[in-house]
Amino acid sequence: MSFKNKTVIVTGGSKGIGEGCVRVFHREQANVVILDVDSKTGKKLSEELGSKTLFVKCDVSSEKEVQEAINKAVETFGGVDVLVNNAGILKYATVTDTSEEVWDAVMNINLKGAFFCAKYAIPEMQKQGAGIVINMSSAQAFISQDKVAAYTTSKTAMLGLTRSIAVDYAPEIRSVAICPGGIDTPLNREAFEKSPNPEQTRQATIDIHLVKRMGTAKEIAEMAAFAASEKGSFLNGHPIRIDGGIGVQIGGSGAD
Ligand SMILES: NC(=O)c1ccc[n+]([C@@H]2O[C@H](COP(=O)([O-])OP(=O)(O)OC[C@H]3O[C@@H](n4cnc5c(N)ncnc54)[C@H](O)[C@@H]3O)[C@@H](O)[C@H]2O)c1
């Protein structure tokens, strides 16, 4: 699964699932470009991994910053082969409790950010006649926690974005959505810490997965690398649900 001489852009690559993707594609010999608002962590990661890695500070909700960042990636490494639209935020609120500001922030980063990155990366892929856009959706594109109205909406909409890219740019360019269950990342760790009983919340999250654990960033990253590789080249347009079985059980029947 070598990505030698290929360039992979990972948004939100400083931490969590994005960091996992950066590490796995780097291990597979790709040039990796990290786009993130967190410069300190992103630069540290880029320095650790060495010269085939580039950090570019970029807020994906800004069209100008995305355009500049993708230009920088192309100037540095000569093209774009894989885009991992991973940057995302989660805000807890029901529809009636969600302010316009929170709704816009979630949509602008999770959905519009993915659109902007695809908009500027796809023409670079077209120049070389191949490429893939991987959209980091969520199990919450199919099932929803309570009080995540904007988040679950944004993640569901990413499936439409994925389909549109697959349909419009076939056969040269593919797109898949990856839909993770609960993954042990800073996003979840911070959410647990903010809950009244962090350990209980963490255990409850573990318990709703049939495998009785949370997933790791590396597991999601390995799926992204597989989807982007020649071995995954028949995957196109669909969501890939990698969720420890969170989405398949209704509940216990009570039978012996
Ligand atoms: N952790 C989970 O359980 C889980 C499950 C399903 C889907 N996801 C999705 O996977 C993605 C990564 O999640 P995570 O848990 O690793 O999150 P995380 O909060 O641990 O990391 C997210 C990264 O995105 C960056 N980021 C945030 N806003 C940005 C912006 N405007 N521009 C550029 N970068 C920005 C952050 O600085 C951070 O480095 C998200 O889209 C999330 O919705 C996560």
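Above this text sits the structure in question.
Residues numbered from 1 in each chain as written. Predicted model: local features only at pLDDT ≥ 70, side-chain atom pairs only at ≥ 80, totals over all residues. Heavy atoms only, no water.

Enquirer: In this structure, what is going on with the site of the ligand? I would like to understand it.
Expert: Taken together, 29 residues sit near the ligand, with Asp-36, Tyr-151, Ile-183, Thr-185 and Asn-188 positioned nearest. Within the contact set of the ligand, an oxygen atom lies 2.7 Å away from a backbone nitrogen or oxygen of Ile-183. For the ligand, the protein covers 93% of the area, taking 830 Å² as the surface of the free molecule. Among the secondary structure elements, those contributing two or more residues to the shell around the ligand are helix H1 (16-27), helix H5 (149-169) and helix H6 (186-194). Take the shell around the ligand: its biggest share by element is three residues, from H6. Class assignment for the residues of the shell around the ligand results in 13 nonpolar, 11 polar and five charged. (Near = heavy atom within 4 Å. Polar contact = N/O pair within 3.5 Å; in protein donor to acceptor, adjacent residues only side chain to side chain. Areas by Shrake-Rupley, 256 points an atom, 1.4 Å probe, with all protein chains shown as cover. Helix = DSSP H or I, 4+ residues; strand = E, 2+ residues; numbered from the N terminus. Nonpolar A, V, L, I, M, F, W, Y, C, P; charged D, E, K, R; others polar.)

Enquirer: Help me out: how do you make sense of unusual backbone geometry in this one?
Expert: A negative phi angle is the norm for most residues apart from glycine, just as the trans form is the norm for most peptide bonds. Here the amide bond leading from Ala-170 into Pro-171 is cis, since omega sits at 0 degrees, within 30 degrees of zero. If you check the backbone angles, Gln-29 has positive phi at about 75 degrees while not being a glycine. In this fold, Gln-29 is placed in the loop between H1 and strand S2 (31-36). Of the residues examined, Gln-29 reaches a relative accessible area of 34% and is grouped as partly exposed. The residue Lys-147 is not glycine, and still its phi comes out positive at about 60 degrees. By the secondary structure assignment, Lys-147 is in the loop between strand S5 (131-136) and H5. (Buried < 20%, exposed > 50% of the residue type's maximum accessible area, 1.4 Å probe, protein only.)

Enquirer: I tried to follow the packing of aromatic side chains on my own but got confused; where do I start?
Expert: Here the distance between the centres and the angle between the planes together describe a pair of aromatic rings. By the definition in use, this model includes two aromatic pairs. Aromatic pair Phe-3 and Phe-25: ring centres 5.1 Å apart, planes at 75 degrees, arrangement edge-to-face. In this pair, Phe-3 sits in the segment before strand S1 (7-11) while Phe-25 sits in helix H1, placing the two residues 22 residues apart along the sequence. According to the relative accessible area criterion, Phe-3 is buried, its value standing at 4%. Between the aromatic rings of Phe-115 and Phe-116, the centroid separation amounts to 5.4 Å while the plane-to-plane angle is 35 degrees, which identifies the pairing as tilted. The side chain of Arg-241 reaches across the aromatic face of Phe-142, ending 3.8 Å from its centre. (Phe/Tyr/Trp six-rings, centres within 6.5 Å; stacked < 30°, edge-to-face > 60°. Lys NZ or Arg CZ within 6 Å of the ring centre and 35° of its normal.)

Enquirer: Looking at this structure, how should I read the sheet that holds strand S7 (residues 239-242)?
Expert: Working definition: the strands of a sheet are paired by backbone hydrogen bonds and lie parallel or antiparallel to each other. Across the sheet, seven strands lie side by side as S3-S2-S1-S4-S5-S6-S7; this open sheet has parallel pairing. Unpaired on one side and paired on the other, strand S3 (53-57) and S7 mark the two borders of the sheet. When strand polarity is set aside, the average angle formed by the axes of neighbouring strands in this sheet is 20 degrees. In this structure, strand S6 (residues 173-180) lies alongside S7, joined through four bridges in parallel fashion. Across the sheet, residue Ala-177 finds its bridge partner in S7, namely Pro-239. Relative to the sheet, helix H3 (residues 63-77) contacts S1, S2 and S3, its axis offset from that of S3 by approximately 160 degrees. Where helix H4 (residues 100-128) meets the sheet, it contacts S1, strand S4 (82-85), S5 and S6, and its direction lies at approximately 175 degrees from that of S4. (Pairing = 2+ DSSP bridges. Axes fitted to C-alpha atoms, helices over the stretch in contact; angles between N-to-C directions. Contact = heavy atoms within 4.5 Å.)

Honestly, that's just the spatial picture; any functional story needs more than this.
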